[in-house]
Amino acid sequence: MGYAQLQSIHVHPVKAVRGQAPREAVVEPWGLAGDRRWALIDDGGKVVTQRQQPRLALAAAELVPGGGVRLSAPGMAPLTVTVPEPIGGVMVEIFRDKVEAFPAADAAAHAWCSDHLGTEVRLVHMDDPARRRPVDPEYARPGETVTFADGYPLLLASAASLDALNSLIAQGDHADEGPLPMNRFRPNVVVSGTAPWAEDDWSRLAIGEVVFRVAKMCGRCVVTTTDQGTAGRGREPLHTLGRHRRLSGKLVFGQNLVPESHGTIRLGDPVRVLD
């Protein structure tokens, strides 16, 4: 491998909503500080994602001091939402997990999100990931937890692997859909300077001084077919992943990470493969 480095960082304060790309981020045991601590739930308490509501891609969330978020979307006035007191919690269902979360105190937050999607939703906050939701026990160590991320604290993607995937898309039946941008995959960290698919063989790595364990490859879903700028859907990249990147029954791109240490990662940090 050549000189690998951290190319970009992505924090998504509200699950399934467009996030921000800071120059540095604090790595906590459950992921990047501020990442996916908020989520939308339906009237049954289930977390709503772009799987059900691709229009979530058109909204954006920016962290504000204290852990709150500033919401924005086309045609809507921005709204700042503060972190609620951990009182009056509700049980939230996210995939196979149930976890307590706390609804935003301001009813305007729920109305804003519901107006954007055209359906009734509530905005909820996870107050303390340390005691909330365990990482999949099949791939976790005791005590490891995660926020409202799909299943693991961080998702890593490789710029070289995206280039390779786009080359395959260009040779396929839906070449007109490519090349795809990295935001289709909603990673937390993007590395450059590696060979394509080199991350398949990693089990531990360091970004700067922070060490991570690779838990498992990331199986991809319909969200990756959603244009993050228009909310329209196509066939790619799942069509091409199905032909070239089907492993153990999953269509894979990227690696799920669990932090083994804490600290701050910064753009340009070296990426070192430890195992």
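The structure reproduced in this document is the subject of the present report. Since the model is a prediction, treat every value here as computed from it, not as a measurement.

Between its terminal C-alpha atoms helix H2 (residues 159–170) stretches 17 Å, which fits the 16 Å expected from twelve residues at 1.5 Å a residue. All of the buried residues along H2 are Ala159, Ala160, Ser161, Leu162, Ala164, Leu165, Asn166 and Ile169. In the core, the buried residues of H2 are packed alongside strand E1 (5–9), strand E12 (154–158), strand E13 (189–192), helix H3 (238–244) and strand E17 (250–259). Two to three positions downstream of the cap, the backbone nitrogen of Ala160 sits 3.2 Å from a side-chain oxygen, assigning the N-cap of H2 to Ser158.

Take Ala164: it is sitting in helix H2. Its relative accessible area of 17% is what places Ala164 among the buried residues. In the structure, Ala164 is positioned 153 residues away from Val11 in sequence and 25 Å away in space, judged by C-alpha atoms. Ignoring sequence-local partners within four residues, the contact set of Ala164 consists of Pro196 and Trp197.

Now for the side chain of Arg220. Position of Arg220 relative to the elements: it lies in the loop between strand E15 (210–219) and H3. For the buried residue Arg220, which engages in no salt bridge, the nearest side chain bearing the opposite charge is Asp150, 6.8 Å off. In terms of polar contacts, Arg220 uses its side chain to reach the backbone carbonyl oxygen of Phe185, at 2.8 Å. A distance of 2.8 Å separates the side chain of Arg220 from the backbone oxygen of Phe253, its partner in a polar contact. Excluding residues within four positions of it along the chain, Arg220 makes contact with Leu155, Phe185, Leu238, Leu241, Leu251, Val252 and Phe253.

What follows concerns the packing of aromatic side chains. This model, assessed by the stated rule, comprises three aromatic pairs. Ring geometry for Tyr139 versus Tyr152: centroids 6.4 Å apart, planes at 70 degrees, classification edge-to-face. With Tyr139 in the loop between strand E11 (122–125) and E12 and Tyr152 in the loop between E11 and E12, this pair connects stretches of sequence that are 13 residues apart. Since its relative accessible area comes to 9%, Tyr152 is described here as buried. When the ring centre of Tyr139 is taken as origin, the NZ or CZ atom of Lys216, which lies over that ring, is 5.6 Å away. The ring of Trp197 carries Arg245 above its face, with NZ or CZ at 4.0 Å from the centroid.

Scoring rules and cut-offs
- Along each chain, numbering runs from 1 in the same order as the chain's sequence is written.
- Only residues with pLDDT of 70 or above have their local features reported here, since the model is predicted, and side-chain atom pairs are shown and tallied only from 80 upward, although totals for entire chains, interfaces and linings are computed over all residues.
- Only hydrogens and water are set aside; all other atoms, that is, all heavy atoms of the structure, feed into the side-chain values.
- Counting from the N terminus, the helices are the DSSP runs of H or I reaching at least four residues and the strands are the DSSP runs of E reaching at least two.
- A helix is expected to span 1.5 Å multiplied by its residue count minus one.
- The cut-offs for exposure are 20% and 50% of the maximum accessible area for each residue type, with area from a 1.4 Å probe on protein chains only; residues under the lower value are buried, those over the upper are exposed, and the others partly exposed.
- Pairs of residues are marked as contacts when any of their non-hydrogen atoms sit within 4.5 Å.
- Distance and chemistry together define a polar contact, namely a pair of N or O atoms within 3.5 Å, with one atom able to donate a hydrogen and the other to accept it when in protein, and with adjacent residues in sequence counting only for side-chain atoms on both sides.
- When charges are counted, Lys and Arg contribute as positive and Asp and Glu as negative, whereas His and the chain ends are disregarded.
- Put simply, a salt bridge is a Lys or Arg side-chain nitrogen that is within 4 Å of an Asp or Glu carboxyl oxygen.
- By convention, a stacked pair of Phe, Tyr or Trp rings (six-membered ring in the case of Trp) has centres within 6.5 Å and planes under 30 degrees apart, an edge-to-face pair has planes over 60 apart, and any other such pair is tilted.
- Note on criteria: charge over ring means Lys NZ or Arg CZ within 6 Å of the ring centre, with the direction from the centre no more than 35 degrees off the ring normal.

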